[in-house]
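Letter by letter, the chains look like this.
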Amino acid sequence: MIREQLEKIKNQALSELISAENEAALEELRVKVLGKKSELSSVLRGMGQLSAEERPVVGALANEVRAAVENALAERREIIMKKIGDAKLAAERIDVTMPGKAQRRGNRHPLGIVEYEMAEIFRTMGFDIVEGPEVEYDYYNFQALNIPENHPARDTQDTFYITDNILLRSQTSGVQVHVMEQTPPPIRIVSPGRVYRSDAVDATHSPNFHQMEGLVIDKGITMGDLRGQLLMFAQRMFGEDTKIRFRPHHFPFTEPSAEVDISCFACGGKGCRICKGEGWIEILGCGMVHPNVLQMSGIDPEIYTGFAFGVGIERVTLFRYAIDDMRLLYENDVRFLRQFR
Ligand code: DAH
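Predicted, not measured: the structure shown is a model, and the values here were computed from it.

Criteria and cut-off values
Residues numbered from 1 in each chain as written. Predicted model: local features only at pLDDT ≥ 70, side-chain atom pairs only at ≥ 80, totals over all residues. Heavy atoms only, no water. Near = heavy atom within 4 Å. Polar contact = N/O pair within 3.5 Å; in protein donor to acceptor, adjacent residues only side chain to side chain. Helix = DSSP H or I, 4+ residues; strand = E, 2+ residues; numbered from the N terminus. Nonpolar A, V, L, I, M, F, W, Y, C, P; charged D, E, K, R; others polar. Core = buried A, V, L, I, M, F, W, Y, C linked by side-chain atoms within 4.5 Å. Buried < 20%, exposed > 50% of the residue type's maximum accessible area, 1.4 Å probe, protein only. Salt bridge = Lys/Arg side-chain N within 4 Å of Asp/Glu carboxyl O. Domains from an automatic or database assignment. Disulfide = S-S within 2.5 Å. Axes fitted to C-alpha atoms, helices over the stretch in contact; angles between N-to-C directions. Parallel < 35°, antiparallel > 145°, perpendicular 65-115°, else oblique. Contact = heavy atoms within 4.5 Å. Pairing = 2+ DSSP bridges.

### Concerning the site of the ligand
Argument step 1. Near the ligand lie 16 residues; those nearest to it are Gln171, Ser173, Arg197, Gln211 and Glu213.
Argument step 2. Contact between the ligand and Gln171: a nitrogen atom at 2.7 Å from a side-chain N or O atom of the residue.
Argument step 3. Residue Ser173 places a side-chain N or O atom 2.9 Å away from a nitrogen atom belonging to the ligand.
Argument step 4. Among the elements of the structure, strand 6 (208-218), strand 9 (280-289) and strand 10 (305-312) are those that each provide at least two residues to the shell around the ligand.
Argument step 5. Of the residues contributing to the shell around the ligand, the split by class is five nonpolar, nine polar and two charged.

### Considerations on the nonpolar core
Argument step 1. Ranked by internal contacts, the top residues of the largest apolar core, which has 46 residues, are Met118, Phe122, Leu230, Met237, Leu284, Cys286 and Phe309.
Argument step 2. Tyr140, Ala153, Val177 and Val293 belong to the second largest nonpolar core, which has 23 residues in total.

### Considerations on the pattern of salt bridges
Argument step 1. Considering all chains together, one arrives at 15 salt bridges under this definition.
Argument step 2. Put simply, Glu21 and Lys83 hold a salt bridge, and the shortest N to O gap is 3.5 Å. Separated by 62 residues along the polypeptide, Glu21 in the loop between helix 1 (2-17) and helix 2 (23-34) and Lys83 in helix 4 (residues 54-91) bring together distant segments of the chain.
Argument step 3. Residue classification places Glu21 among the partly exposed residues on the basis of a relative accessible area of 47%.
Argument step 4. A relative accessible area of 46% means that Lys83 is categorised as partly exposed.
Argument step 5. Across the pair Lys82 and Asp86 runs a salt bridge, and its minimum N-O distance is 3.0 Å. In this pair, Lys82 and Asp86 are both assigned in helix 4, four residues apart and thus about one turn of the helix distant.
Argument step 6. Residue Asp86 is classed as partly exposed on the basis of its relative accessible area of 39%.
Argument step 7. Shared partners join several salt bridges into a network, and the residues in it are Arg245, Arg247, Glu259 and Asp261.

### Side note on the domain arrangement of the protein chain
How big an interface is tends to be stated in terms of the accessible area lost upon association of its parts.
Argument step 1. According to the domain assignment, the protein chain contains domain 1 (2-91) and domain 2 (110-340).
Argument step 2. A C-alpha centroid distance of 84 Å is found between domain 1 and domain 2.

### Overview of the state of the cysteines
Argument step 1. Taken as a whole, this structure holds zero disulfides when the rule is applied.
Argument step 2. Unpaired in terms of disulfides, Cys264 finds its nearest cysteine sulfur in Cys267, a separation of 3.7 Å.
Argument step 3. Judged by its relative accessible area of 1%, Cys264 is buried.

### Description of the packing of helix 5 (residues 110-124) against helix 10 (residues 313-320)
Argument step 1. Look at helix 5 against helix 10: their axes get within 9 Å of each other, and the N-to-C directions meet at 105°. Considering the angle they form, helix 5 stands roughly perpendicular to helix 10. Contacts between helix 5 and helix 10 involve Pro110, Leu111, Val114, Glu115, Glu117 and Met118 from the former and Ile313, Glu314, Val316, Thr317 and Arg320 from the latter.
Argument step 2. Class assignment for the residues of the contact of helix 5 with helix 10 results in six nonpolar, one polar and four charged.

### As for the environment of Ile274
Argument step 1. Tracing the backbone through its elements, the reader meets Ile274 in the loop between strand 8 (254-263) and strand 9.
Argument step 2. Measuring from C-alpha to C-alpha, the distance between Ile274 and His290 comes to 34 Å, with 16 residues separating the pair along the chain.
Argument step 3. Sequence-distant contacts of Ile274, defined by excluding residues within four places in its chain, comprise Cys264, Ala266, Ile281, Phe319 and Ala322.

### Concerning the sheet that holds strand 3 (residues 161-163)
Two strands in a sheet stick together by hydrogen bonds in their backbones, pointing the same way (parallel) or opposite ways (antiparallel).
Argument step 1. What the three strands build is an open sheet, ordered 2-4-3; its pairing is antiparallel. Edge positions in the sheet fall to strand 2 (135-137) and strand 3, since each has one partner strand and no second. Geometrically, the sheet is characterised by an average inter-axis angle of 30° between neighbouring strands, direction not taken into account.
Argument step 2. One ladder, built from two bridges, connects strand 3 with strand 4 (residues 166-168); its direction is antiparallel. Following the sheet pairing, Tyr161 is matched in strand 4 by Leu167.

This is how it looks when you write it as structure tokens:
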């Protein structure tokens, strides 16, 4: 009797299983057939009334039924999962032969490209790259660079004042002072960044532009080191055949000071449109750091010497790409900017 009952339970479960179409239906069936309140459980509970010989036989049969139902449930579950997966794949099918939407690739601004290349040249020569504040104290922008109040050099760098002693920096040279105050020598840094001057916009002027400052301080640094360093830079930036030329100049924070020209990379020095027939192009100011500047920043000029330089990034960019009007760099006309990849 019990055998038939068990057999019936199994057959019924297996036939109901086939119509289960999802996981919830399967679970319901599992509880119904194998759960505590199931017919199978009540059969098992009734086993106490069986004789000692019958009990193990029926017990084994009950276990068989349970195992068969569990297996069938697992199989059915796999079939259902596969069906769901297949349906999902079919629904999300992508036609890979459809024409794609062209992705427009962005590119860096030419100034960013040149700034990066310049910094990279110095970085590979062992310079650290540091940044300084664009909003600056008069002290860092002028006084600590040996440009006291009322010094005529201030007139050539008229800038935007926020208060009497806070201004938008007119040059990156102030970063020299921050670095010297914070770092004991040896120092080897470049510092690219934005600077401001109260200039009217034209083909070669803009109220804000970019410079890269360089500073090297150690024992025994000479003008020969400066020259070698700048020659290396010029040749990496503009080509191996580039020559440089020092012209004496005056900057309050260096002594001696010079302006540096590079041989025109377009004509090699013969004279052309880009160098305006000169054969040379001015690219930076430099010099040996003035002892007063070292002293004010807490570095003993009897022990240390150093050189500094300041390059206009716009200038380098204009020459590099033979652009003849600086305004093009700021107008954000993508037809222009897209050319620099
Ligand atoms: N700060 C100068 C300028 O804006 C450029 C310059 C000249 C920087 C000589 C220097 C330097 O560090 O030594 O015109």
